[in-house]
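Here's the letter readout for the chains.
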Amino acid sequence: MITAILKSSVKIALIFLTGLLVCVYFLGFTTPGLKISLNTLALFSQGQLHIGYARGKLLSEFTLRDVNYHSATAELTINSLNLAWDLKLLAKKVVIEKLQTQDFTLKLHAAKSTDNDFDFKKLAILKRLNIQELVIENFNFISGQQPAIQFAEINLQKTTANNAIIYAKTLGGEVNGNITLWFGAKTNWSILLTGEHINPGLQWAEWPGDVTFALKSQGNIGNQQTGPDVLFQLQNLRGTLRNSPLNGDINVVLKNHQFTIKQGNLTNGKANINFNGSVTDVWNINWNIQFPDLAMFIPDGQGSFSSQGSLRGPRDHPTLLADFQAAQIALANQTIKRLAGNINFSVKPEIPFAVTLNGQGINIHDHAIAKIDLSINGKTHREQQNLVTALTIAIAQKPYIEAQFTLPANITFENYRTAPLLGQVAIHFPDLAILKPYVREVNHLHGTLLGKLNVNGTFAKPDIKGELTLSNGNIGVPKLGVDFKNITLRLIADTARQATYQGSFQLGEGNAQLQGSTNFNSADYATELQLHGTKLLIVDLSEYKIHANPDLKLHYNNFKVSIDGNLAIPDAKITPKDFRQTVTLPEEIIFVGKTPAPTPPPTTSLKAMPNLQVAVQLENHIQLRYQDIETTLGGQLTIHAGSDSPATAVGSLFTLGGTYHAYGQALTIQMGKLTYTGGLLTNPGLNIKASREITTPNTMANNSSNMIGSGTITAGIQILGTMHKPAVTLYSVPANLSQDDILSYLVLGIPRSQASRKDSMAILNAASALGLGGNGASQLASITKKLQDKLGLAEMNVQTVQTFNPNSGDSTGATSLVLGKALSKKLYVHYSVSLFNSTPVSVFNLRYKFNKHWSVQTETSTIDNGADLLYTIEQN
């Protein structure tokens, strides 16, 4: 019985062992087994793994292609990978005989680290990895949003147990060297690399060059008591960078928690950076930076910058001494004519500190500061277990803000947010005119600003109590032509972390009241303001004079601004300048040596930053005079806009009578209406009619020769469609008049049949203005064709004619009426006269053709006379 059981157990064990060996062989030594193993690995990976092709044996050598791995922290793509390894000693080490890849890209995503202290002992696991040969072709490494680090080739050949030779191709040059690594309780390394003909411009276009260098680094990490032991030497940095000589040498040592800069020097052309010193039990760091031309380091920048300074003193409370100078700075949309500063700051109590800033001609993001003369002075002293800091902020050497803060003596960067805070701030501006150089956008700045604030709580949640008042204030806004006068504003902060505002001001003869509050308990400091005013003169310029009655509310909540309410415009005078006579160059003109500016995309909407829902009411005293229009406006709109959407409107604007001057006539505006139905504020619907009445004999008005007396004909223009796509048509009463007769009545007051040849030119001039949309172009073509046939001309149109003035040497173009007629097969005459110039220019041109190639041309104009002999060659 026992024997039978033993035999059965042995048989089962042999079957299990055989099956296990078959599974191991299948998975480790066959291509199908390799694929199953990789699919299993994909199931247990933290990201998504996809392999397009797999062939070979998992436990000896295999090839993979189209490898893609994606996770929350990294992305890996490999075009092809070939791995040959020996797993006989897997328990002790992994021996990779050869690892070869092509098109290797590793991208690391920015991620928040929860562990600030890395245990370098974990690197000891790498000693179990033995790589004999590593070849990577086309390697790309990307970290977050940083530019990719690219290598055309990386080749690593192991020579001894801990040493390898490395060779790499990158940025058009070569890097050669040796790397030695030891892994144990401490990680030790020794690196020696040389680079030749490195061109950073291949990756950063603004930094072309040819650089060589020698890099040496050695040391160890992992000893918690002595800290890292690091030697870093950048030697013989030579070559050119941005077409200027480049030289540099850096020698830095970190040992026993002491940092020493034995040498630090970088020179590129006339730019130079020098730094040296050490950090032991005391700080002793010095620097000198000279950038005579910022463009050497900032390709889009201009100007000069220099700085000198030092950081010295005990390690726990060093003193920073530094100054800087900048001149003629131009960077993006920021310009600085001159700026200089000085810092003298010590962490140690009882030592005074000071910061000064002086400059002029400063423009930051379109905010102009004419002059700056600012200084902050203070001193910290110890009172029992606290540090008391008193500081003064002065403008032009006069103190205007004084403050004192008390903090615990044991405050650190780690606990400052919860440290108790106690402070007092006194603000005393007898006259705000002192701030005029800092706010160039305003003028007539006056007023008295006084305040006292007490601060309690913590840095993270301060409690502010006190009062701030502005009295007898005045601020002028030149761009609007108005002065805010008699400004009073009172801010009261209470212990409930609330602030309330109440104030008033005068604009013109109108008065306004302002009130509101801010809740400091909310994360975004939610604020509400209410503005109510009557007869406020909001614009007072030569072209615009507008009064308004606002009743608006501003809300700031959840980091968003919204404005709602009503805005009534009781009266306004709008008379913009007429720029129709302004001469501008055509867009096709290109200035030699000047890079043309990129053409901006067309804008079709009016963007609004805050959320808007404002009802605008135009009362019946809005006078508009613009170009050829004189009228009175009225109507009401409700404007809606989001923080990231264009402004739309509902409502309508209309004209109340008025005239429109066209073709030398005063047309009465019968109807003028802009309709908004929820579309863009810049694209209303149009319905505009303007006409003139002509008294005619009844024989013309009623087409009857038996009637006597007189009648009336109404001829007019109607504009429909939208602002973006207007459609112009002509209409008449009675409605049976032709389009060219209507235009003739508008221009001349007579039908086209009675127009002389001279009058026909005036009609053509009027017709050229009809091509605004709709069927205007077809109307123009029809009218000019009839006139051309009537006058018997071969050419009749409106075009730009170039004329040369020999006195000034300039060539100008003018919109002209052009007439042409062939008097014979060889003789052709051509006449043009400018339509819109204040002094019309006429040109008479006569051409006589001798034969196929030769002709003579004479030209007589109001400017000059001349003749040309022409030779013509025609080719297909």
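In this numbering scheme, every chain counts its residues from 1 along its sequence in written order. Confidence filtering applies because this is a predicted model: local features only for residues at pLDDT of at least 70, side-chain atom pairs given and counted only at 80 or more, and all residues used for totals across whole chains, interfaces and linings. Hydrogen atoms and water are omitted, and side-chain values are computed over all heavy atoms in the structure.

Numbering of helices and strands runs from the N terminus, with a helix taken as a DSSP run of H or I at least four residues long and a strand as a DSSP run of E at least two residues long. The helix and strand inventory of the protein chain stands at six helices and 48 strands. Residue burial in the protein chain is summarised as follows: out of 876 residues, 31% are buried. By definition, residues are in contact when any of their heavy atoms lie within 4.5 Å. Long-range contacts, defined here as pairs at least 24 residues apart, represent 40% of the contacts in the protein chain between residues at least 6 apart. Within the structure as shown, the protein chain displays about 52,500 Å² of accessible surface, and the carbon and sulfur contribution to it stands at 57%. In this scheme, a residue with accessible area under 20% of its type's maximum is buried, one over 50% is exposed, and one in between is partly exposed, where area comes from a 1.4 Å probe on protein chains only. Residue exposure ignores everything except the shown protein chains as possible cover, and the areas themselves are Shrake-Rupley values with a 1.4 Å probe.

So, about the nonpolar core. By convention a nonpolar core is built from buried Ala, Val, Leu, Ile, Met, Phe, Trp, Tyr and Cys residues, the set being connected through side-chain atoms within 4.5 Å. Counting residues in each nonpolar core, the largest one holds 32 residues, and the members touching the most others are Ile362, Ile372, Phe429, Leu432 and Leu449. Core analysis: the second largest hydrophobic core is formed by 31 residues, Leu99, Leu134, Ala168 and Leu193 among them.

On to the side chain of Asn286, then. Among the structural elements, Asn286 can be located in strand S16 (residues 282–291). On the basis of relative accessible area, Asn286 is assigned to the buried category, the value being 16%. Polar contact criterion, stated in full: a pair of N or O atoms within 3.5 Å, where within protein one must be able to donate a hydrogen and the other to accept it, and residues adjacent in sequence count only if both atoms are side-chain atoms. At a separation of 2.7 Å, a polar atom in the side chain of Asn286 contacts the side chain of Arg312. Apart from residues lying up to four places away in sequence, Asn286 is in contact with Asn274, Phe275, Asn276, Gly309, Ser310 and Arg312.

For the rest of this paragraph, the subject is helix H4 (residues 739–748). Most of H4 is tucked away: eight of the ten residues are buried. Every buried residue of H4 is accounted for by Asp740, Asp741, Ile742, Leu743, Ser744, Tyr745, Leu746 and Val747. Where H4 ends, the next residue or the one after it, Gly749, has phi of about 80°, a positive value.

A few words now on the packing of aromatic side chains. Working definition: a ring pair exists when centres of Phe, Tyr or Trp rings (six-membered ring for Trp) sit within 6.5 Å. Plane angles under 30 degrees give stacked, over 60 give edge-to-face, the rest tilted. Here the structure, examined in full by the defined rule, presents seven aromatic pairs. Centre to centre, the rings of Phe520 and Tyr525 are 5.1 Å apart; their planes meet at 70°, and the pair counts as edge-to-face. The partly exposed category is assigned to Tyr525, whose relative accessible area is 39%. Put simply, the rings of Phe104, Phe139 and Phe151 touch in pairs and so form one group of aromatic residues. It is Arg65 that lies over the ring of Tyr53; its NZ or CZ is 4.8 Å from the centre. Lysine NZ or arginine CZ positioned within 6 Å of the ring centre and within 35 degrees of the ring normal marks a charge as sitting over the ring.

The next subject is the pairing of strand S31 (residues 536–540). For two strands to be treated as a pair, DSSP must find at least two bridges joining them. In terms of strand pairing, S31 meets strand S32 (residues 544–557) through four bridges, oriented antiparallel. Considered in S32, the bridge of Leu536 is made with Ala548. Counted between consecutive antiparallel strands, the loop separating S31 from S32 contains three residues.

Next up on the list: a nonpolar patch on the surface. Without a salt bridge and with relative accessible area above 30%, a residue can belong to a patch; like charges are then joined within 9 Å and nonpolar side chains (Val, Leu, Ile, Met, Phe, Trp, Tyr) within 5 Å. In what follows, salt bridge is the name for a side-chain nitrogen of Lys or Arg lying within 4 Å of a carboxyl oxygen of Asp or Glu. Side chains of Tyr848, Phe850, Trp854, Leu869, Tyr871 and Ile873 sit close together on the surface and give an oily, nonpolar patch of about 650 Å² of accessible area. Position of Tyr848 among the secondary structure elements: in strand S46 (residues 842–849). A relative accessible area of 32% means that Tyr848 is categorised as partly exposed.

One ladder, built from seven bridges, connects S46 with strand S47 (residues 854–861); its direction is antiparallel. Residue pairing in the sheet places Phe844 in a bridge with Thr860 of S47.

Tracing the sequence through the fold places Leu653 in strand S37 (residues 648–655). Under the relative-accessibility criterion, Leu653 is labelled buried at 18%. Taking the C-alpha atoms as reference points, Leu653 and Lys673, 20 residues apart in sequence, are found 5.7 Å from one another. Setting aside residues up to four positions removed in sequence, Leu653 forms contacts with Leu618, Gly634, Gly635, Gln636, Leu637, Gly672, Lys673 and Leu674.

Looking now at the side chain of Thr267. Among the structural elements, Thr267 can be located in strand S14 (residues 258–268). There is a polar contact of 2.6 Å between the side chain of Thr267 and the side chain of Asn272.

Moving on: the pattern of salt bridges. Scanning the model with the defined rule gives four salt bridges in all. Close ionic contact of Asp249 with Arg238 constitutes a salt bridge, the shortest N to O distance being 3.5 Å. With a gap of eleven residues between them, Asp249 in strand S13 (residues 244–255) and Arg238 in strand S12 (residues 229–241) connect regions that are remote in the sequence. Residues Arg497 and Asp463 are paired through a salt bridge, measuring 3.5 Å at the closest nitrogen-oxygen approach. Of this pair, Arg497 sits in the loop between strand S27 (482–493) and strand S28 (498–507) while Asp463 sits in strand S26 (residues 462–477), placing them 34 residues apart in sequence. Judged by its relative accessible area of 27%, Asp463 is partly exposed.

So, about the environment of Phe844. On the secondary structure map, Phe844 appears in strand S46. Taking the C-alpha atoms as reference points, Phe844 and Ser861, separated by 17 residues in sequence, lie 6.1 Å from one another. Residues within four places of Phe844 in sequence aside, it is in contact with Val829, His830, Tyr831, Thr858, Glu859 and Thr860.

A few words now on unusual backbone geometry. Cis geometry is adopted by the peptide bond preceding Pro734, which originates at Val733 and carries an omega value of 5°. Although it is not a glycine, Tyr525 adopts a positive phi angle of roughly 55°. As for its placement among the helices and strands, Tyr525 is situated in the loop between strand S29 (510–519) and strand S30 (526–534). The backbone phi angle of Phe559 is positive, close to 60°, even though this residue is not glycine. With respect to the helices and strands, Phe559 occurs in the loop between S32 and strand S33 (560–569).

Moving on, we get to the confidence of the model for the protein chain. Parts of the prediction with low pLDDT should not have their coordinates interpreted in detail. Scored from 0 to 100, pLDDT records how confident the predictor is in each individual residue. Predicted confidence across the protein chain gives a mean pLDDT of 79, with 78% of residues reaching 70 or more. Per-residue pLDDT, averaged within each element of the protein chain, yields its smallest value for helix H3 (residues 698–701) (48) and its largest for S30 (94). Contacts from residues 585–589, a stretch scored under 50 in pLDDT, to residues over four places away or in other chains number one contact. Low confidence marks residues 598–608, where pLDDT is under 50. Its contacts with residues over four positions away, or in another chain, come to 16 contacts.

Along the chain, Ile191 falls in strand S10 (residues 187–198). Dropping the residues within four chain positions of it, Ile191 is found in contact with Asn178, Ile179, Leu215, Lys216 and Ser217.

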